[in-house]
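Residue-level structural notes
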Amino acid sequence: MALRSSGSRKLSFEILSKNKYLEGGGPSLIYQSSSDPFQSQNGGNPSRHNRKKKKHKKRKDSTTDLPIIAEDLVDKQRGSSGGSVLAESKSENYGSRDNGNVNRISYVGGGSVVVLEESVCQNVCGFGELRQRNVNGVVAGGGDDMETVAARADESVVEVSSSKEPFPPVAPQSMANGNVVNTLKTSESLDWKRVMAEDPNYLYTVDKSPLKYFLDEMHYGNSLRNTTTLGSEKERERVYDTIFRLPWRCEVLISVGFFICFDSFLSLLTIMPTRVLITFWRLLTTRQFKWPSAAELCDFGCFLVLACGVIVLGRTDISLIYHMIRGQGTIKLYVVYNVWEIFDKLCQRFGGDVLETLFNSAEGLANCSQENMGFWIRRFVSDQALTMAFSILHSFILLAQAITLSTCIVAHNNALFALLVSNNFAEIKSNVFKRFSRDNIHSLAYSDSVERFHISACLLFVLAQNILEAEGPWFESFLFNAFVVFVCEMLIDIIKHSFLAKFNDIKPIAYSEFLEDLCKQTLNIQTEDCKKNLTFVPLAPACVVIRVLTPVYAAHLPCSPLAWRFFWILVLISMTYIMLTSLKVMIGMGLQKHATWYVSRCRKRKHHLD
């Protein structure tokens, strides 16, 4: 606010203006001070003041549309009338929405009213401001006061409020009541043809004839440019990795894992019983009780679980379960098989943890002191009972899965192909289109190795059932069905891992690293992360195999006499043991040699790269 007077009279007042925004059409708000305006200290005439106020209001309404609000007017006059008043009010807008503001100054005095209009223009950020004052008013007389006002109105002042270089000026916009007015576009700017003519792509898209368009498409180059991109060397390598390199390495990894599972299975049937018999033989010959070691306690616990599982499964009527699965018409056979397979995978994952708990308790019992002997015995017994119950449950699930597979093979309505299609493609759907990390793919490859071994156990069950119950030439049919099952399983694993590696950006070298970890596990070399090891519990498959092969051996034993029958039992057990031990030695030595060769090869390659 600025207060100026030309004479002996001084009048102080404020003029505040509230502009109407474009979006609001309501009336202006008028705030009036509580002080008594136009009250003179020398006892001014109220009627004269009212006449001046009305006159000033009329002049204001005739000169501007902006509402002017008088507030805190104090009439300080030392002389009589005829004084002049010049009130100047200026407001600046530093915001980014309005590019300008208009303020008006009213001059009242000597029967004349002059409205001084000040326009403030700023750039966007307020670095510089330009003020211009113009005189718009009605003069009815005024002498020296009007000269003073005219002299002030003719001034043009340009002020720069910042030393920084201002931004480029903003384009001028229409102003109304101090605010920006958004004007409508003209009809020329909305001319669609003119806009399209100015578009550089218009001539190539609209004015072409069909023949010219076809010729341009013929000579443009890549005919699928809108839906494909040009290939690169990296994309070519990914294609060949998906088709050739990765399937080979994946199959080698799963096959080595399968033979490791087979070696563990043979160890359970050959090495473990031999060690248990040696322990009992030493105990009988020395007749001195020696506290067993952790390995002996583990062997004893596994032998007890295996014996109990075989005994319980021996009480199971396989033919009854077979007819129950085949006779029911509510659930399809492939659905039943998928259900058993899901429970089998869950038992695989949890069975390793249960067996580790048993081995931990056995190690604690072997190394405990006399004071903690009771605690560790109770702990070992409870873990032994849990392992036994869980292994028997897993054995029943695996036996039901084998019976379902046998039912599908024997059925004459192509149930086997329906089983393979539904099971394998459901596996692809549940794995391929998900995001997997490198460790998850590592575990999935090991899981496929265990699954392949369980399928082999189921096929062995089918073979045993055909030996006992099949009539006519059945061996060729069995070989064909077993070949189809294995080939489908191999193809599905290859497709699954190939596209998993493609979608998750896994290189084929990763499968070679997985195989290196598996070879280190075979050589009992400690790796950095023990979770990368292959976990396989052969107790449930061993129980199922022993249960299905026992009737086959019993069918070829002589009926009488008892001694002769017992002799043939010993002969068959001995022959089976020798064959299994020989197979165990060959597979174990082959795995050891392969693991040694592969680990040394990987070390040489890493040394060469370094």
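The written sequence of each chain sets the order in which its residues are numbered from 1. Owing to the predicted nature of the model, reporting of local features is limited to residues with pLDDT of at least 70; listing and counting of side-chain atom pairs is limited to 80 or more, with chain, interface and lining totals taken over all residues. Only hydrogens and water are set aside when side-chain values are computed; all heavy atoms of the structure are taken into account.

To qualify as a helix, a DSSP run of H or I must reach at least 4 residues; to qualify as a strand, a run of E must reach at least 2; elements of each kind are numbered from the N terminus. A count of helices and strands for the protein chain gives 17 helices and 10 strands. Only protein chains enter the accessibility calculation, which uses a 1.4 Å probe; a residue whose area is less than 20% of its type maximum is buried, one above 50% is exposed, and one in between is partly exposed. Within the protein chain, the proportion of its 610 residues that are buried is 38%. Put simply, 77% of the contacts in the protein chain that link residues at least 6 apart link residues at least 24 apart. As presented, the protein chain carries roughly 37300 Å² of accessible surface, and 60% of it is formed by carbon and sulfur atoms. Contacts are assigned to residue pairs that have any heavy atoms within 4.5 Å of one another. Accessible surface area values rest on a Shrake-Rupley calculation with a 1.4 Å probe, where residue burial reflects the displayed protein chains alone.

Time to look at the UniProt feature "transmembrane region" (unreviewed entry) in the protein chain. Here, the residues flagged by UniProt with the feature "transmembrane region" (unreviewed entry) are residues 252-271, 291-314, 385-403, 474-492, 534-554 and 566-587. In residues 252-271, helix accounts for 95% and strand for 0%; the two terminal C-alpha atoms are 27 Å from one another. With 76% helix and 0% strand, the stretch residues 534-554 has end C-alpha atoms that lie 36 Å from each other. UniProt positions are given in the numbering used here, feature names are shortened, and annotations may be inferred rather than shown by experiment.

Checked against the element boundaries, Leu 405 lands in helix H11 (residues 373-410). The exposure class of Leu 405 is buried, given its relative accessible area of 2%. It is 8.8 Å that separates the C-alpha atoms of Leu 405 and Tyr 334, two residues lying 71 residues apart in sequence. With residues up to four places along the chain from it excluded, the contact list for Leu 405 reads Tyr 337, Leu 416, Leu 419, Cys 458 and Leu 459.

Here the focus is helix H16 (residues 539-555). Here the expected span of a helix is defined as 1.5 Å times the quantity of residues minus one. For H16, with 17 residues, the first-to-last C-alpha span of 25 Å sits near the 24 Å given by 1.5 Å per residue. Burial in H16 covers these residues: Leu 539, Ala 540, Pro 541, Ala 542, Cys 543, Val 544, Val 545, Arg 547, Val 548 and Val 552. Taken together, the buried residues of H16 touch helix H6 (233-269), helix H8 (294-314), helix H9 (318-327), helix H10 (333-366), H11 and helix H13 (438-469).

This part covers the layout of surface pockets. Over the atoms a probe the size of a water molecule is rolled, and this reveals where empty space is left. Cavities and pockets are defined on a 1 Å grid built over the protein atoms alone: a cavity is a set of grid points where a 1.4 Å probe fits but cannot escape, while a pocket is an open set with protein on both sides within 12 Å along at least five of seven lines, and lining residues are those with an atom within 4 Å of any such point. Grid points are joined across faces, edges and corners, and a volume is the space filled by probe spheres set on the points. Reported here for the largest pocket is a volume of approximately 1800 Å³. In terms of lining, the largest pocket is formed by 49 residues, of which the most central are Gln 521, Asn 533, Leu 534, Thr 535 and Phe 536. Elements supplying a minimum of two residues to the lining of the largest pocket: H6, helix H7 (271-286), H8, H10, H13, helix H15 (509-522) and helix H17 (562-609). Just so you know the grouping, Ala, Val, Leu, Ile, Met, Phe, Trp, Tyr, Cys and Pro go in nonpolar, Asp, Glu, Lys and Arg go in charged, and all remaining residues, Gly too, go in polar. Looking at the lining of the largest pocket, its residues break down into 21 nonpolar, 17 polar and 11 charged.

This part is about a nonpolar patch on the surface. Residues enter a patch when their relative accessible area is above 30% and they make no salt bridge; the linking distance is 9 Å between like charges and 5 Å between nonpolar side chains (Val, Leu, Ile, Met, Phe, Trp, Tyr). Salt bridge, as used here, is a side-chain nitrogen of Lys or Arg placed within 4 Å of a carboxyl oxygen of Asp or Glu. A surface patch of nonpolar side chains, about 740 Å² in accessible area, is lined by Phe 280, Leu 283, Phe 289, Trp 291, Phe 300, Leu 304, Ile 377 and Val 381. Listing elements by their share of the nonpolar patch, those giving two or more residues are H7, H8 and H11. Mapped onto the fold, Phe 300 is located in helix H8.

As a further point, take the packing of H8 against H10. Between N-to-C directions, angles cover 0 to 180 degrees, with each direction set by a line fitted to C-alpha atoms, over the stretch in contact for helices. H10 packs onto H8 with a crossing angle of 135° between their chain directions and a minimal axis gap of 8 Å. Judged by the inter-axis angle, H8 sits oblique to H10. Seen from above, H8 lies across H10 with right-handed handedness. In this structure, H8 uses Ala 294, Leu 297, Cys 298 and Cys 302 to contact H10, whose residues at the interface are Leu 355, Phe 359, Ala 362, Glu 363, Leu 365 and Ala 366. Any angle from 65 to 115 degrees is called roughly perpendicular, while one under 35 is roughly parallel, one over 145 is roughly antiparallel, and all others are oblique. Crossings are assigned a handedness: left-handed for a near helix turned anticlockwise from the far helix by less than a right angle, right-handed for a clockwise turn.

Attention shifts here to empty space enclosed by the protein. By the definition in use, this model includes five cavities of 30 Å³ or more. For the largest cavity, the lining is made up of 17 residues, of which Cys 347, Gly 351, Gly 352, His 394 and Val 537 are closest to its centre. Within the residue set of the lining of the largest cavity, elements represented by two or more residues are H10, H11, H13 and H16. Within the lining of the largest cavity, the residues separate by chemical class into nine nonpolar, eight polar and no charged.

A word on the packing of aromatic side chains. Between the rings of Phe, Tyr and Trp (Trp by its six-membered ring), a pair exists once the centres lie within 6.5 Å; its type follows the angle of the planes, with under 30 degrees stacked, over 60 edge-to-face, and the other angles tilted. Overall, the coordinates contain 18 aromatic pairs when judged by the stated rule. Measuring from ring centre to ring centre gives 5.5 Å for Trp 564 and Phe 567, while their planes differ by 25°; the resulting arrangement is stacked. One end of the pair is Trp 564 and the other is Phe 567, both in helix H17 and three residues apart, which spans about a single turn. In this structure Trp 564 comes out as partly exposed when scored by relative accessible area, which is 44%. On the accessibility criterion, Phe 567 (41% relative accessible area) is partly exposed.

Right, let's talk about the side chain of Asp 383 for a bit. For Asp 383, the location among the structural elements is in helix H11. Each residue touching Asp 383, except ones within four places of it in the same chain, is listed here: Thr 357, Leu 358 and Ser 361.

Applying the stated criterion to the full structure yields 15 salt bridges. For the salt bridge of Arg 245 with Glu 237, the shortest nitrogen-to-oxygen distance reads 3.3 Å. Overall, Arg 245 belongs to the partly exposed group, its relative accessible area being 34%. The exposure class assigned to Glu 237 is partly exposed, which follows from its relative accessible area of 30%. What emerges from the salt-bridge pattern is a single network uniting Glu 251, Glu 427, Asp 448, Arg 452, Asp 493 and Lys 496.

The interhelical angle for the contact between H6 and H16, taken along N-to-C directions, is 65°, at an axis separation of 10 Å. Between H6 and H16 the crossing geometry is right-handed. When H6 is examined against H16, the residues Phe 265, Leu 268 and Leu 269 are found in contact with a partner set consisting of Leu 539, Pro 541, Ala 542, Val 545 and Ile 546. For the contact of H6 with H16, the residue count by class is eight nonpolar, no polar and no charged.

On to the side chain of Asp 263. Among the structural elements, Asp 263 can be located in helix H6. Using a relative accessible area of 15% as the deciding quantity, one classes Asp 263 as buried. The residues contacting Asp 263, other than those within four sequence positions of it, are Lys 584, Ile 587, Gly 588 and Leu 591.

Among buried residues, the Ala, Val, Leu, Ile, Met, Phe, Trp, Tyr and Cys ones that are joined through side-chain atoms within 4.5 Å form a nonpolar core. If you look at the biggest cluster of nonpolar residues, it comprises 91 residues, and the most contacted ones within it are Leu 253, Leu 405 and Tyr 511. Top element by residues in this core is H13. It accounts for 13 residues.

Attention now moves to the state of the cysteines. Throughout, a disulfide means two cysteine sulfur atoms within 2.5 Å of one another. Under the counting rule described, the total for this entry stands at zero disulfides. No disulfide involves Cys 302; its sulfur sits 6.7 Å from the nearest other cysteine sulfur, which is in Cys 298. Sulfur of Cys 602: no disulfide; nearest cysteine sulfur belongs to Cys 519 and is 7.4 Å away.

This part is about unusual backbone geometry. Of note in this structure, Asp 505 is not a glycine but carries a positive phi near 60°. Along the chain, Asp 505 turns up in the loop between helix H14 (475-503) and H15. Not every positive phi belongs to a glycine, and Asn 524 is a case in point at roughly 60°. Along the chain, the position of Asn 524 falls in the loop between H15 and H16.

It is worth spelling out the environment of Phe 436 at this point. Relative to the elements of secondary structure, Phe 436 occurs in the loop between helix H12 (415-432) and H13. Looking at Phe 436, the relative accessible area reads 17%, which means it is buried. The spatial distance from the C-alpha of Phe 436 to the C-alpha of Asn 504 is 6.5 Å, given a sequence separation of 68 residues. In this structure, Phe 436 is in contact with Asn 431, Ile 441, Leu 500 and Asn 504, ignoring residues within four places of it in sequence.

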